[in-house]
Amino acid sequence: QVQLVESGGGLVQAGGSLRLSCAASGRTFSPYAMGWFRQAPGKEREFVATISWSGGTTDYADSVKGRFTISRDNAKKTVYLQMNSLKPEDTAVYYCAADKSFLRVAATVGDVDYWGQGTQVTVSS
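Residues numbered from 1 in each chain as written. Predicted model: local features only at pLDDT ≥ 70, side-chain atom pairs only at ≥ 80, totals over all residues. Heavy atoms only, no water.

> I keep staring at the pattern of salt bridges and nothing clicks. Help me out?
Pairing between side chains of opposite charge can happen when their charged atoms approach one another. This model, assessed by the stated rule, comprises 5 salt bridges. The partner of Asp-90 in a salt bridge is Arg-38, with the nearest N and O atoms 2.9 Å apart. Of this pair, Asp-90 sits in the loop between β8 (78-83) and β9 (92-99) while Arg-38 sits in strand β4 (residues 33-39), and the two are 52 residues apart along the sequence. On the basis of relative accessible area, Arg-38 is assigned to the buried category, the value being 6%. Note that Asp-62 and Lys-65 form a salt bridge whose closest N and O atoms lie 3.2 Å from each other. What emerges from the salt-bridge pattern is a single network uniting Arg-38, Glu-46, Arg-67 and Asp-90. (Salt bridge = Lys/Arg side-chain N within 4 Å of Asp/Glu carboxyl O. Helix = DSSP H or I, 4+ residues; strand = E, 2+ residues; numbered from the N terminus. Buried < 20%, exposed > 50% of the residue type's maximum accessible area, 1.4 Å probe, protein only.)

Shown next as C-alpha cells:
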C-alpha cells in the first residue's frame, strides 16, 4: 500500500506560478511511475502529467505542455508539479497518482493504483 499526500495548492492570479508536491509513504516509492490528474467542477478527472520511476521519461496533456513540469526526488519519495503561466481554466482539484509501472501512470482514471486526497488550485482572472 502507498499513501500519497499533496500540498502546495492555493489561489494565484492568472500568469502566476505554483509548485505542487506529493509525498509518498508506505511501500517502496519505486518502481512506481507517478503522475498528476485534475478535476474541475462539473467535469471528469483528467490526466495532466506523468513521470517514469527513473525520472527519465515524462509526458503531458496538450493543454499544459510548455507550462507545467513534472519531476521527482526518489530519495525524498516526493514528486513535484511546477505550474507556470497559469490560466483560469487550470482551476481544479489536483490529484497525485501512483502506478506499479516503470514507465507511466495509466491514462484511464479507473486503472490508476493509488490516489492522493487532492489539493485545490484556483487561478483568478
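Now that the structure has been shown, we can carry on.
> What am I meant to see in the side chain of Glu-6 here?
Looking at the secondary structure, you find Glu-6 in strand β1 (residues 2-7). Among the polar contacts made by the side chain of Glu-6, one reaches the main-chain amide nitrogen of Cys-96 at a distance of 2.7 Å. In this structure the side chain of Glu-6 is engaged in a polar contact, spanning 2.9 Å, whose partner is the backbone nitrogen of Gly-118. If we ignore the near neighbours within four places in the chain, the residues touching Glu-6 are Ser-21, Cys-22, Trp-36, Tyr-94, Tyr-95, Cys-96, Gly-116, Gln-117, Gly-118 and Thr-119. (Polar contact = N/O pair within 3.5 Å; in protein donor to acceptor, adjacent residues only side chain to side chain. Contact = heavy atoms within 4.5 Å.)

> Looking at this structure, I do not really get unusual backbone geometry. What am I missing?
One can expect most non-glycine residues to show negative phi and most peptide bonds to be in trans. Of note, the phi angle at Lys-77 is positive, near 55 degrees, even though the residue is not glycine. Topologically, Lys-77 is positioned in the loop between β7 (68-73) and β8. Non-glycine residue Ser-85 carries a positive phi angle of around 50 degrees. On the accessibility criterion, Ser-85 (41% relative accessible area) is partly exposed.

> Can you help me understand the state of the cysteines in this one?
Two cysteines, two sulfur atoms, one covalent bond between them: this is a disulfide. Counted by the stated rule, this structure contains 1 disulfide. Note on cysteine connectivity: Cys-22 is disulfide-linked to Cys-96, with sulfurs 2.1 Å apart. Disulfide Cys-22-Cys-96: torsion about the S-S bond near -85 degrees, hence left-handed. Linking Cys-22 in strand β3 (residues 18-26) with Cys-96 in strand β9, this pair joins segments that are 74 residues apart in sequence. Taking the relative accessible area as the measure of exposure, Cys-22 reaches 0% and is therefore buried. On the basis of relative accessibility, which here comes to 0%, the residue Cys-96 falls in the buried class. (Disulfide = S-S within 2.5 Å.)

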